[in-house]
Amino acid sequence: MIRKPIISVLGHVDHGKTKLLDRIRGTAIAEKEAGAITQHIGATEVPTQIIQKRAGNLIEKFGFKLIVPGLLFIDTPGHEAFTNLRKRGGNIADLGVLVVDATQGMQKQTIEAIEILKNSKTPFIVALNKIDKINGWNSENDSFIKNNKKQLPAVKKALDEKVYELVGELHKYGFNAERFDRCKNFTKQIPIVPISAVTGEGVGEVLVLLIGLSQKFLKDNLEIDQKERAMGTILEVGEEKGLGTTVDVILYEGLLNLGAEIVVGGKNGAIETKIRSMLVPAPLEDIGDSSKKFKPVQQVSAAAGVKIVAPKLEDSLAGAPLLVVNTGKEKEQIEKEIESIKIDSSKTGIILKTDTLGSLEALVGMLEAEKITVRKADVGNVTKKDVMEALTVKEKNPLMGTIFSFNTGIEEGAKEEAKKREIKMFKGNVVYSLVEEYQKWVEEQKNKTKEKGLKELVYPFKFQTMKGFVFRNSNPAVIGSKILEGKVKQGVSVLNNGKKIGTIKGIEDKGKKIEIAEKDKEVAISISGAVIGRNLKEGDTIYSYIPEKQFEKIEKVFELNKDEEILLEEIKKEQKKEKEEEVSVSG
């Protein structure tokens with residue numbers, strides 16, 4: 001038996017994902033025949049007879065027979081729903097539809113969607129939406145191929161430019177793409193279908209392509225045995241009035257019966273329970289009656305969406321597997337799978353908390369791709385314990401001692417502790433933005449550290465005390481000086497004849513205090529620790545004292561000119577004198 005292919009729709013916000021799904025649903029509803037439409041929990045089924053009616057001439061044009069019983073579209077578009085369609089080693093979605101706005105092209109979430117599709121090895125097609133917005137394009141609710149022939153040459157060219165811009169962008173991510181009617185090899189090329197979700201243009205081609213690709217390349221994956229144990233994935237966990245906690249499940253394997261014993265993934269391990277009720281949406285004609293929101297069923301076969309009512313579902317996890325008890329090893333199997341996604345290590349890395357198992361797996365994959373080490377990854381709110389874990393990391397690496405909170409809460413105690421310990425938290429509901437925000441912060445911190453390091457580094461200098469310009473003999477000594485080389489800055493220790501004589505306390509130029517005095521300036525310099533006549537005289541050449549560890553850094557960080565490079569070598573010799581004297585005295 002062949003099941004319906006499961007289709008997920010992804011793309012950037014406002015690019016038309018929901019409009020495309022609405023258009024597909026509208027097509028199905030508008031052309032319904034008695035008993036032809038089946039609504040599912042979290043999904044919409046488009047039967048083959050409707051696709052045949054809508055795009056029969058296209059099916060003939062592409063030259064194939066309809067074998068699959070229809071298409072099952074996941075109703076919730078976007079990354080989060082897609083990541084919750086996870087199963088061990090991939091995704092239960094057989095195909096993805098990447099929606100791209102023709103007027104905007106690739107955006108941040110488009111790139112994120114591509115990465116998620118790539119990581120889960122899910123084949124996809126591209127729906128280039130909003131072609132009705134191209135200047136001069138006359139869009140009709142018809143086939144794109146038919147409608148394209150009616151357009152003016154200049155307008156056709158404008159569309160081609162949009163298509164080939166997208167082809168270039170996809171190439172950057174390792175994909176060979178082409179407009180669908182020009183594709184020569186669908187195994188090697190990503191087909192781009194120009195569409196308008198508003199008028200319906202090109203939607204028929206999207207449906208036909210999805211069916212054609214499913215039948216040609218995924219036929220083995222769609223073969224199911226109804227005697228096999230049922231397998232599914234939790235799409236959503238929710239509360240229903242009068243029912244309590246329920247789980248919306250996409251069933252992708254086998255037959256599920258009322259009363260079956262099942263195991264589902266939970267926050268604290270696997271949950272064993274028994275199905276009390278299985279619900280699907282009420283028929284379309286009953287939708288206006290709130291008392292007839294759901295219809296109970298005795299049996300559900302893959303692929304389908306169903307709401308399950310059972311005890312002990314409070315801690316169940318979106319993105320976690322559902323298995324019917326068969327061998328008795330299901331609980332252990334699910335726990336192993338959940339543990340393989342979570343991370344609890346002693347690595348120097350970030351702490352990650354998410355709301356679902358699907359988003360956890362997707363984020364861990366994305367962070368690893370960006371070479372960001374993860375120390376701990378789990379589902380649930382951020383706790384005080386997470387903050388203390390981040391503090392341990394911060395002590396080793398301040399840039400890693402951070403917490404990522406994706407679509408999840410932060411406990412009050414954790415907020416207070418993070419504020420007190422200065423632990424940086426990144427909170428959001430868009431994977432790409434969260435990672436980007438962290439990378440931007442890391443760059444800022446590195447720049448701050450560099451600036452701080454630059455401030456601490458001593459810029460090499462030498463100056464000569466001038467005759468007849470002693471303003472104070474000591475505490476501190478103040479004497480007129482000419483800067484011979486480099487940049488003189490206050491707070492720097494100074495050498496006279498290889499010996500430290502004190503620290504520059506201040507610099508004045510014509511009675512005005514200044515921070516730095518550069519080459520050829522004549523200024524008054526005050527030196528604490530120096531005494532005129534004892535360790536400092538008129539006409540002496542004074543050098544900056546540079547800690548030995550700084551010499552190498554100074555050469556790398558500061559862009560020294562030729563004279564300053566020579567000066568640095570002079571300072572090394574001066575400081576060597578002091579060391580040699582210390583050795584001879586101790587000898």
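Residues numbered from 1 in each chain as written. Predicted model: local features only at pLDDT ≥ 70, side-chain atom pairs only at ≥ 80, totals over all residues. Heavy atoms only, no water.

## With respect to the overall build of the chain
- In terms of regular secondary structure, the chain is built from 15 helices and 33 strands.
- Taken against the 2.2 N^0.38 rule, which gives 25 Å for 587 residues, the C-alpha radius of gyration of the chain at 35 Å runs more than 25% over that of a compact globule.
- The principal-axis extents of the C-alpha atoms in the chain amount to approximately 110 × 65 × 45 Å.
- On the chain, roughly 28500 Å² of surface is accessible, and the fraction owed to carbon and sulfur atoms is 47%.
- Mean positive and mean negative side-chain charge positions of the chain (93 and 87 charges, respectively) differ by 1 Å. (Helix = DSSP H or I, 4+ residues; strand = E, 2+ residues; numbered from the N terminus. Rg over C-alpha atoms; globule rule 2.2 N^0.38 Å. Areas by Shrake-Rupley, 256 points an atom, 1.4 Å probe, with all protein chains shown as cover. Lys, Arg positive; Asp, Glu negative; His and termini not counted. Charge placed at Lys NZ, Arg CZ, Asp CG, Glu CD.)

## What about helix 11 (residues 384-396)?
- Here helix 11 is 13 residues long and its end C-alpha atoms lie 19 Å apart, about the 18 Å a rise of 1.5 Å per residue gives.
- Regarding helix 11, the residues found buried are Asp386, Val387, Glu389, Ala390, Leu391 and Val393.
- Elements that come into contact with the buried residues of helix 11 comprise strand 22 (350-354), strand 23 (374-379), strand 24 (402-406), helix 12 (412-421) and strand 25 (424-428). (Expected span 1.5 Å × (residues − 1). Buried < 20%, exposed > 50% of the residue type's maximum accessible area, 1.4 Å probe, protein only. Contact = heavy atoms within 4.5 Å.)

## Section: the confidence of the model for the chain
- Summarising the model, the chain shows a mean pLDDT of 87, and 92% of its residues fall at 70 or more.
- At the level of individual helices and strands, the chain shows its lowest average pLDDT in strand 2 (residues 39-40), which scores 56, and its highest in strand 32 (residues 522-528), which scores 97.
- For the stretch residues 32-37, pLDDT sits under 50, and the model shows 13 contacts to residues farther than four places along the chain or on other chains.
- Between residues 284-290, whose pLDDT stays under 50, and residues either more than four places distant or in other chains, the model counts eight contacts. (pLDDT = per-residue confidence, 0-100.)

## Quick notes on the environment of Lys274
- Locating Lys274 in the fold gives a position in strand 15 (residues 269-274).
- Taking relative accessible area as the criterion, Lys274 reaches 49% and is therefore assigned partly exposed.
- C-alpha separation for the pair Lys274 and Leu152, spaced 122 residues apart in sequence, amounts to 62 Å.

## Description of the pattern of salt bridges
- Tallied over the full model, the rule gives 27 salt bridges.
- Notably, a salt bridge pairs Glu272 with Lys331, separated by 4.0 Å at the nearest N-O pair. With Glu272 in strand 15 and Lys331 in helix 9 (residues 330-341), this residue pair connects regions lying 59 residues apart in the sequence.
- The partly exposed category is assigned to Glu272, whose relative accessible area is 41%. (Salt bridge = Lys/Arg side-chain N within 4 Å of Asp/Glu carboxyl O.)

## Focus on the packing of aromatic side chains
- Under the criterion given, the structure shown has 11 aromatic pairs.
- Judged by centre distance (6.2 Å) and plane angle (35°), the ring pair of Tyr438 and Trp441 falls under tilted. Of this pair, Tyr438 and Trp441 both sit in helix 13 (residues 431-456), separated by three residues, roughly a single helical turn.
- When its relative accessible area of 13% is taken as the criterion, Trp441 is described as buried.
- Each residue in the set Phe404, Phe426, Tyr438 and Trp441 is aromatic and connected to the rest through ring pairs, giving one cluster.
- Here the basic side chain of Lys424 rests over the ring of Phe426, its NZ or CZ set 5.5 Å away from the ring centre.
- Seen from the ring of Tyr459, Lys487 lies directly overhead, with NZ or CZ sitting 4.6 Å from the centre. (Phe/Tyr/Trp six-rings, centres within 6.5 Å; stacked < 30°, edge-to-face > 60°. Lys NZ or Arg CZ within 6 Å of the ring centre and 35° of its normal.)

## Quick notes on unusual backbone geometry
- For the bond from Ala302 to Ala303, the omega torsion is -5°, close enough to zero to count as cis.
- Structurally, Ala303 is set in the loop between strand 18 (299-301) and strand 19 (304-309).
- For the bond running from Asn475 to Pro476, omega is -10°, close enough to zero to count as cis.
- For Pro476, the location among the structural elements is in the loop between strand 26 (461-472) and strand 27 (477-489).
- The phi dihedral of Glu422 falls on the positive side, at around 55°, and the residue is not glycine.
- Inspection of the secondary structure puts Glu422 in the loop between helix 12 and strand 25.
- The class of Glu422 is exposed, set by a relative accessible area of 62%.
- Of note in this structure, Asp520 is not a glycine but carries a positive phi near 80°.
- Among the structural elements, Asp520 can be located in the loop between strand 31 (516-518) and strand 32.

## Focus: the pairing of strand 1 (residues 6-11)
- Within strand 1, six of the six residues are buried, leaving the element largely enclosed by the surrounding structure.
- Both faces of strand 1 are covered, namely the face carrying Ile6, Ser8 and Leu10 and the face carrying Ile7, Val9 and Gly11.
- The sheet contact formed by strand 1 and strand 4 (residues 70-74) spans two bridges and is parallel. Note that in strand 4 the partner of Ile6 across the bridge is Leu72. (Pairing = 2+ DSSP bridges.)

## Brief notes about the environment of Asp181
- Mapped onto the fold, Asp181 is located in the loop between strand 9 (177-179) and strand 10 (190-194).
- Sequence spacing of Asp181 and Phe62 is 119 residues, and the spatial spacing of their C-alpha atoms is 9.7 Å.
- At 2.8 Å, the side chain of Asp181 forms a polar contact with the side chain of Arg179. (Polar contact = N/O pair within 3.5 Å; in protein donor to acceptor, adjacent residues only side chain to side chain.)

## Here we look at the nonpolar core
- One finds Phe73 and Leu352 to be the most contacted residues of the largest nonpolar core, which totals 107 residues.
- Of the residues forming this core, the biggest block, eight residues, is contributed by helix 7 (residues 203-217).
- Not counting residues within four places of it along the chain, the set of residues in contact with Phe73 comprises Ile7, Val9, Leu21, Ile24, Gly42, Ala43, Thr44, Val46, Leu207 and Leu210.
- Counting residues in each nonpolar core, the second largest holds 33 residues, with Val458, Phe461, Val494 and Ile527 among its members. (Core = buried A, V, L, I, M, F, W, Y, C linked by side-chain atoms within 4.5 Å.)

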